[in-house]
Amino acid sequence: MKAVRLLEYGGQLVFNDVPTPTIARDEILVKIKSTAVNHLDLVEASGKARQILPIDLPWIPGHEFSGVVEQIGSDVAACAPGDAVFGTTSGMGAYAEYLAVKAAAIARKPSNLSFEEAASVPVASQTAWQGIFTHGHLEKGQTILIHGGAGAVGAYAVQLASHAGATVIATASCDDEAYLNSIGASRVIDYREAQFEKVLREKVDVVFDLIGGDTQKRSFLVLKEGGHLVAATQPVSQEETARHRVSGAMMRLAPSGDGLGRIARLLEEGTIRPDVATVYALQDAAQAWKDIAGNLPGVHGMSPSGPGAARRRSHGKIVLRVAWRDHEIRARAYELYLARGAQPGRELEDWLQAERELTAE
Ligand SMILES: NC(=O)c1ccc[n+]([C@@H]2O[C@H](COP(=O)([O-])OP(=O)(O)OC[C@H]3O[C@@H](n4cnc5c(N)ncnc54)[C@H](OP(=O)(O)O)[C@@H]3O)[C@@H](O)[C@H]2O)c1
């Protein structure tokens, strides 16, 4: 199969042939349709955090995917070949044509989402869910401040918190104000223009910090006593939490198929929606990484955003689409055409329909 790999820390991404993975009894083999880019991919590849985020080189990046089940292990009962699924990876990465993954890490793809949209969901949505509910204990009627509200994780946090009946305040760039209002934020503070702790008149129950650094330090000033500071980017000072009589911790995503299934239902009923900014072909992953590097909040010592930094559209995920090769589409379309039994007089139309279904996302 084709895959994108990193051969050495800090090196170039290469796109070439690697062996197709085999599966264990509790795994499934997924034919990947799309995968999405996360900051974590770049951080792992840089080697700057190798003590806590080691990778085995050569390494295939990619923590999330959508695709179609190709094969199932003998212990797997929850899905069957042909099912459209999405999920997080549990070993090898998803920048590839095929992925072996634990059956427990996937869920059915929401039927109203394209494969590209579905690939953008698992990491950001589950981080948001766990950040605000599992760690932030957010409840109906409370107020939450979300730093980086227009980002991939932030946008789910805004939608989920608003759906749960909380008042949502987000920090973001002013360009994103209308977008954030449209997904449930009642107030947006432009972080480039205002200091949130100076303009907030009332304290909040929960801060979800997707930025870190000085933003995190200043967050203690706006938390109610007994409130929760949940950080996704760096540890929280326990001296500060004690001094301000709040709780605070850095979270680490613990993905699960059940959690993703719950999110899939919210997507399917239209309560929350995904946001895809750009789609690249898998082989153009290096360009996608250049785009996202310009938007890193800077807490990992990579490329900080700010004046002078290249800016992409500020919200939405970058997705990599695994294109089927022409001969593969033709062979699959032929199988589908035969399996359905062509209608006399409609052969060409039936054939084209099979091909359209296979190429449409
Ligand atoms: N702990 C975990 O398990 C976990 C899981 C997933 C993600 N994360 C981390 O969470 C962070 C956010 O991820 P993401 O995928 O949501 O990133 P993203 O999509 O790039 O979003 C970052 C957002 O932050 C905004 N921003 C930058 N500086 C800001 C500031 N000072 N104040 C307020 N907003 C600011 C950016 O807006 P502009 O572009 O307009 O500046 C952008 O909308 C990353 O560091 C990621 O590594 C952690």
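These notes cover the structure that comes with them.

### Focus on the pairing of strand β13 (residues 247-250)
Move 1: Across four bridges, strand β12 (residues 223-231) lies against β13 in parallel orientation. Residue pairing for β13: Ala231 is matched across the bridge by Met250.
Move 2: Viewed along the sheet, the connection from β12 through helix α8 (residues 238-244) into β13 turns out right-handed.

### Quick notes on the site of the ligand
Move 1: Around the ligand, a shell composed of 29 residues is seen, among which Gly148, Gly151, Ser173, Tyr191 and Leu253 lie nearest.
Move 2: Elements represented by at least two residues in the shell around the ligand include exactly α1 (39-46), α3 (122-135), α4 (152-163) and β9 (167-172).
Move 3: Residue-level mapping places the shell around the ligand at the junction of two domains, with at least three residues from each of domain 1 (2-121 + 274-321) and domain 2 (124-250).

### Observations regarding the nonpolar core
A general trend in soluble globular proteins is that nonpolar side chains are found buried together.
Move 1: Counting residues in hydrophobic clusters, the biggest one holds 94 residues, and the most contacted among them are Ile132, Ile144, Ala157 and Val158.
Move 2: Take this core: its biggest share by element is eight residues, from α4.
Move 3: When neighbours within four sequence positions are excluded, Ala157 is seen to be in contact with Ala128, Gly131, Ile132, Ile146 and Phe208.

### Examining the packing of α3 against α4
Move 1: Closest axis-to-axis distance for the α3/α4 pair is 8 Å, and the angle between their directions is 55 degrees. On the basis of the axis angle, α3 is oblique to α4. Crossing geometry of α3 relative to α4 is assigned as right-handed. Together, Ala124, Ser125, Thr127, Ala128, Trp129, Gly131 and Ile132 of α3 and Ala152, Val153, Tyr156, Ala157, Leu160 and Ala161 of α4 make up the contact between the two elements.
Move 2: A per-class count over the contact of α3 with α4 returns 10 nonpolar, three polar and no charged.

### Digging into the sheet that holds strand β11 (residues 204-209)
Move 1: Spatial strand order, β10-β9-β8-β11-β12-β13: six strands in an open sheet with parallel pairing. Here the strands that pair on one side only, and so sit at the sheet edges, are β10 (187-190) and β13. Averaged over neighbouring strand pairs, the angle between their axes works out to 15 degrees when direction is ignored.
Move 2: Relative to β12, β11 runs parallel, the two being bridged by five bridges. By the bridge assignment, Val206 is partnered in β12 with His228.
Move 3: Along the sheet face, α4 touches β8 (143-147), β9 and β11 and points at about 165 degrees away from the line of β9.

### Some points on the environment of Ala249
Move 1: Relative to the helices and strands, Ala249 is located in strand β13.
Move 2: Taking the C-alpha atoms as reference points, Ala249 and Val230, separated by 19 residues in sequence, lie 5.5 Å from one another.
Move 3: Apart from residues lying up to four places away in sequence, Ala249 is in contact with His135, Val230 and Val236.

### As for helix α9 (residues 257-268)
Move 1: Across its 12 residues, α9 extends 16 Å between first and last C-alpha, which sits within 8% of the 16 Å expected from 1.5 Å per residue.
Move 2: Along α9, the residues that are buried comprise Gly257, Leu260, Ile263, Ala264 and Leu267. Buried residues along α9 cover an arc of 115 degrees about the axis, so they all sit on one side.
Move 3: Its buried side turned inward, α9 meets β5 (84-88), β7 (106-108) and α3.

### Let's talk about α3
Move 1: An ideal rise of 1.5 Å per residue puts 20 Å on 14 residues; α3 measures up with 18 Å between its terminal C-alpha atoms.
Move 2: Buried residues dominate α3, accounting for 12 of its 14 residues.
Move 3: Listed in full, the buried residues belonging to α3 are Pro122, Val123, Ala124, Ser125, Gln126, Thr127, Ala128, Trp129, Gln130, Gly131, Ile132 and His135.

### What about the pairing of β10?
Move 1: Here β9 runs beside β10; their pairing, made up of four bridges, is parallel. Residue pairing in the sheet places Ala170 in a bridge with Val188 of β10.
Move 2: In terms of handedness, the path from β9 via helix α5 (residues 177-182) over to β10 forms a crossover that is right-handed.

### Notes on the packing of α3 against α9
Move 1: At their nearest, the axes of α3 and α9 sit 10 Å apart, and the two run at 95 degrees to each other. Comparing their axes, α9 and α3 come out roughly perpendicular. Residue-level contacts link Pro122, Ser125, Gln126 and Trp129 of α3 to Gly259, Leu260 and Ile263 of α9.
Move 2: Grouping the amino acids of the contact of α3 with α9 by side-chain chemistry returns four nonpolar, three polar and no charged.

Parameters at a glance
Residues numbered from 1 in each chain as written. Predicted model: local features only at pLDDT ≥ 70, side-chain atom pairs only at ≥ 80, totals over all residues. Pairing = 2+ DSSP bridges. Helix = DSSP H or I, 4+ residues; strand = E, 2+ residues; numbered from the N terminus. Right-handed = clockwise from strand over helix to strand, strands pointing away. Near = placed C-beta within 6 Å. Domains from an automatic or database assignment. Core = buried A, V, L, I, M, F, W, Y, C linked by C-beta atoms within 7 Å. Buried ≥ 20, exposed ≤ 12 C-beta atoms within 10 Å, placed from the backbone. Contact = placed C-beta atoms within 7 Å. Axes fitted to C-alpha atoms, helices over the stretch in contact; angles between N-to-C directions. Parallel < 35°, antiparallel > 145°, perpendicular 65-115°, else oblique. Left-handed = near helix turned anticlockwise from the far one by under 90°. Nonpolar A, V, L, I, M, F, W, Y, C, P; charged D, E, K, R; others polar. Expected span 1.5 Å × (residues − 1). Arc of directions from axis to C-beta.

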